[in-house]
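Here are the chains, one letter per residue:
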Amino acid sequence: LGILGDAYGGLGRHQEAVSSLLQALPISRNYYAHRHYAVCLLKLGYAYEAMGCYPQAIDCLEEARPIFGELRFPGRALQAQQALERCRMVSPATS
């Protein structure tokens, strides 16, 4: 489902990407796949950002960032932080 979300996102079909990623999210959480869960949240954040749904994007990115930090993936944590900053610049009322 995560790969399907990637495909939809790459095609600019962000709503379908969100739908696939939302289905993948509880699966990764239920199987204690923390890295996959965090990546799914990051991708959801990107999809929501692309759709202009900044509060939802911020929620996903804020949840993903510390997980990447705990897992020692500083590059992914930085990606989440940069996306958060972009979203907050566009939607300052949600920061």
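Residues numbered from 1 in each chain as written. Predicted model: local features only at pLDDT ≥ 70, side-chain atom pairs only at ≥ 80, totals over all residues. Heavy atoms only, no water.

Draft legend 1. The overall build of the protein, seen in detail. Counting secondary structure elements, the protein contains 5 helices and 0 strands. Order of helices (α) and strands (β) in the protein, N terminus to C terminus: α-α-α-α-α. Across the 95 residues that make up the protein, the buried fraction comes to 35%. Long-range contacts, defined here as pairs at least 24 residues apart, represent 48% of the contacts in the protein between residues at least 6 apart. Looking at the protein as shown, the accessible area adds up to about 5500 Å², and 56% of this sits on carbon and sulfur atoms. (Helix = DSSP H or I, 4+ residues; strand = E, 2+ residues; numbered from the N terminus. Buried < 20%, exposed > 50% of the residue type's maximum accessible area, 1.4 Å probe, protein only. Contact = heavy atoms within 4.5 Å. Areas by Shrake-Rupley, 256 points an atom, 1.4 Å probe, with all protein chains shown as cover.)

Draft legend 2. Quick peek at helix 5 (residues 74–90). Taking 1.5 Å of rise per residue, 17 residues should cover 24 Å, and helix 5 covers 25 Å from first to last C-alpha, within 8% of that figure. By the burial criterion, the buried members of helix 5 are A77, A80, A83, L84 and C87. Looking straight down helix 5, one finds that the buried residues subtend no more than 125° of arc, so they occupy a single side. Opposite the buried face of helix 5, at more than 90 degrees from it, the exposed residues are P74 and M89. Taken together, the buried residues of helix 5 touch helix 3 (34–51) and helix 4 (54–70). (Expected span 1.5 Å × (residues − 1). Arc of directions from axis to C-beta.)

Draft legend 3. Representation of the pattern of salt bridges within the structure. As enumerated under the stated definition, the model contains 3 salt bridges in all. Across the salt bridge formed by E16 and R13, the nearest N and O atoms sit 2.6 Å from each other. Residue E16 is classed as partly exposed on the basis of its relative accessible area, which comes to 31%. With its nearest N and O atoms 2.7 Å apart, the salt bridge here joins R86 to E49. In this pair, R86 sits in helix 5 while E49 sits in helix 3, placing the two residues 37 residues apart along the sequence. The exposure class assigned to R86 is partly exposed, which follows from its relative accessible area of 38%. (Salt bridge = Lys/Arg side-chain N within 4 Å of Asp/Glu carboxyl O.)

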